[in-house]
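Topology and contacts: notes
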Amino acid sequence: MAHAWLLLCASASALVAPVTRRATTPLQASTARDVLWTPDADYVKTTAMDRFQKAMQIDGTYEQLWDWSVSEPDAFWTRLQDFLDVEREGSDTPARTGDTMPDVQWFPQSKLNFAENLLRHGKGPLANDEAVITVSEGMGRKAWTFAELRRDAGRVQRALSKLGVDSSESCGAYVANVGEAVVAMLGATATGATWTSCSPDFGAAAVADRFGQVSPKVLFTCDAFMSAGKETALVDKVEELVAALPSLERVVVVGMSAEGKAAVWKDARLKGLVVSWDDFLAEGSEAGGAAPPPSYAKVPFAHPQFVLYSSGTTGRPKSIAHGAGNTLLQHAKEHVLHGELREGDRMLFYTTCGWMMWNWMVSSLFAGAAIVCFDGFAAHPKLSAPPTATPTPTPS
């Protein structure tokens, strides 16, 4: 697998080495607009942020907690993992090696699996609650419970492992924002493989410029997508993309044509690589169709788990690698502490698989929240929702 990536040590700039401390100033609300809502003291006591501050034994306001987090980053990130109950093995010591970028590496003695942490609610009290909900112009509504998500991700993991996919390989997705994309990502990361994705509204050449830097072994894609009531076939673009990626050994196709048209593949090489989504899940199932026991490959904390890309406005898009543990810990912090995302909540971010917010949204699963994968044009057929009909009274 190619490694010509711009390697970052974190999924966001939060996991960095200490910097010169600025003078502390009180945090103030913006004066640009009225404050819409301020939590009262009773509500604050119910939040994860308050529980975390008390667990860290930091007296005072949020400002004091923040001050500690940036002045003692090694202690902050170490104790945050314990507070969030991140599943990992090895040692948290040392928390960090190196003092300045790009020589900083976090938790070099620790290993984990990204998918295992997101799928942890697949057993337990939330197992039968909805975890992933597709709302699609072309496919309608489809949902997976946490238990079903864990099982289907296990099937993808097993099918990929049969192809030799492991932490040294990568998988690409040229697919719409639907639940199957989430399942595929979780199955791929369960093997330790690097994941990279683009939206189907990208041109084939634009995707090849990106995926060509990562050399995926398996491509997940769809045969069509629908937006604003119009279906767009992807067959020609997929054939062009596959021709540009000699590393591919399997192409898994999610059937999304609302018109029920079966994709007709013309390229001889592609015909030999294509398998339908359902057949791929069957390849990863045990005899009788049962899901295999989950298997998660532990990878180093900074293992390149996700590759995203710059916009390409100043030349060829630049690959940006995000570490497995770095991404997980930063996203979990944002969702649980800052977003107060709780078990049973639902997260919808209007995004595609070509934007980093897709990765961020999917990480909501760690908190026990369900995610809504909206596929289509939000203003179709109109922005305003139809009025709710008044129920007709019935005799008691």
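Residues numbered from 1 in each chain as written. Predicted model: local features only at pLDDT ≥ 70, side-chain atom pairs only at ≥ 80, totals over all residues. Heavy atoms only, no water.

Concerning the overall build of the protein chain
Our working rule: A run of H or I in DSSP becomes a helix once it reaches four residues, and a run of E becomes a strand once it reaches two; helices and strands are each numbered from the N terminus. Partly exposed describes any residue whose relative accessible area lies between the buried limit of under 20% and the exposed limit of over 50%, with all areas from a 1.4 Å probe on protein chains only and scaled to the type maximum. The protein chains shown are the only cover counted for residues, whose accessible areas, like all others here, come from Shrake-Rupley with a 1.4 Å probe.
The helix and strand tally for the protein chain stands at 13 helices and 19 strands. Every one of the 396 residues in the protein chain was classed for burial, and the buried ones make up 49%. For the protein chain, the exposed surface amounts to about 18700 Å²; the carbon and sulfur share of it is 54%.

Some remarks on the confidence of the model for the protein chain
Under the convention used in this document: What pLDDT conveys is the predictor's confidence in a given residue, as a value from 0 to 100. In what follows, residue pairs with any heavy atoms lying within 4.5 Å of each other are defined as contacts.
Looking at the protein chain, pLDDT values average 90 and 89% of them are 70 or higher. Low pLDDT, under 50, characterises residues 1-14; the predicted model gives this stretch 39 contacts beyond four residues in sequence or across chains. Counting interchain partners and residues more than four positions distant, the pLDDT-below-50 stretch residues 388-396 has zero contacts.

Considerations on the side chain of T189
By secondary structure assignment, the location of T189 is in helix α7 (residues 179-190). Overall, T189 belongs to the buried group, its relative accessible area being 0%. Not counting residues up to four positions away in its chain, the partners in contact with T189 are N113, F114, A115, W195, Q305 and F306.

A closer look at the sheet that holds strand β2 (residues 89-90)
Short version of the rule: Strand pairing is defined by DSSP finding a minimum of two bridges between the two strands.
Sheet architecture is open: three strands sit in the order β2-β5-β15, paired in antiparallel fashion. Each having just a single partner strand, β2 and β15 (299-300) make up the two edges of the open sheet. Strand direction decides the pairing type here: β2 and strand β5 (residues 110-112), joined by two bridges, are antiparallel. By the bridge assignment for β5, G90 is matched with S110.

Topic: the side chain of S285
As a reminder of what qualifies: Pairs of N or O atoms are called polar contacts if they sit within 3.5 Å, as long as, within protein, a hydrogen donor faces a hydrogen acceptor (for residues adjacent in sequence, only side-chain-to-side-chain pairs).
Within the secondary structure, S285 sits in the loop between α11 (277-283) and β15. Side-chain polar atoms of S285 contact the backbone oxygen of L281, separated by 2.8 Å. S285 has contacts with R155, A290 and P292, leaving out every residue within four places of it along the chain.

Here we look at the nonpolar core
Generally speaking, a soluble globular protein has its nonpolar side chains buried in company with each other. In plain terms, the rule: In this description, a nonpolar core means a group of buried Ala, Val, Leu, Ile, Met, Phe, Trp, Tyr and Cys residues linked to one another through side-chain atoms lying within 4.5 Å.
Judged by nonpolar contacts, the single largest core of 107 residues is most densely connected at L186, W195, F220 and L365. Ranked by residue count, the leading element in this core is α7, at eight residues. Among all residues touching L365, those that are not within four sequence positions of it are L118, H121, A131, V132, F146, L149, V182, L186 and I371.

Some thoughts on the packing of helix α3 (residues 62-71) against helix α4 (residues 73-84)
Stated formally: All axes here are fitted lines through C-alpha atoms, helices being fitted over the stretch that makes contact, and every angle between N-to-C directions spans 0 to 180 degrees. Our angle categories are set so that under 35 degrees counts as roughly parallel, over 145 as roughly antiparallel, 65 to 115 as roughly perpendicular, and the remainder as oblique. Polar here means any residue outside two lists: the nonpolar Ala, Val, Leu, Ile, Met, Phe, Trp, Tyr, Cys and Pro, and the charged Asp, Glu, Lys and Arg; Gly therefore counts as polar.
In the contact formed by α3 and α4, the axes pass within 5 Å of each other and the chain directions differ by 105°. Looking at the two axes, α3 sits roughly perpendicular to α4. In this structure, α3 contributes W68, S69, V70 and S71 to the contact, and α4 contributes P73, A75 and F76. Across the contact of α3 with α4, the residue classes tally to five nonpolar, two polar and no charged.

Things to note about the sheet that holds strand β6 (residues 130-136)
With mixed pairing, the four strands of this open sheet are ordered in space as β7-β6-β19-β18. Two strands in the sheet have a free side with no partner beyond their single neighbour: β7 (140-145) and β18 (346-348). Each adjacent strand pair in this sheet contributes to an overall mean axis angle of 20°, direction not counted. Both β6 and β7 contribute to a ladder of six bridges, which runs antiparallel. Within β7, the residue paired with T134 across the bridge is K142.

Focus on the state of the cysteines
Put simply, the test is: Sulfur atoms of two cysteines make up a disulfide when they are within 2.5 Å.
Enumeration over the complete set of coordinates arrives at zero disulfides. Here C222 stays unpaired: no disulfide links it, and the sulfur of C353, its closest cysteine neighbor, is 8.8 Å away.

A few points about helix α8 (residues 204-211)
Counted only if it meets this: What the arc measures is the spread of directions leading from the helix axis to the C-beta atoms.
The set of residues buried in α8 consists of A204, V207, A208, R210 and F211. Mapping the buried residues of α8 onto a view down its axis gives an arc of 160°, with all of them on the same face.

Some words on the pairing of strand β10 (residues 218-222)
Counting buried positions along β10 yields five of five residues, so the element is predominantly enclosed. Of the two faces of β10, the one carrying V218, F220 and C222 and the one carrying L219 and T221 are both buried. Note: strand β8 (residues 170-174) against β10, four bridges, orientation parallel. Bridge assignment links Y174 to a residue of β10, and that residue is T221. In this structure, β10 lies alongside strand β13 (residues 250-254), joined through five bridges in parallel fashion. Note that in β13 the partner of F220 across the bridge is V252.

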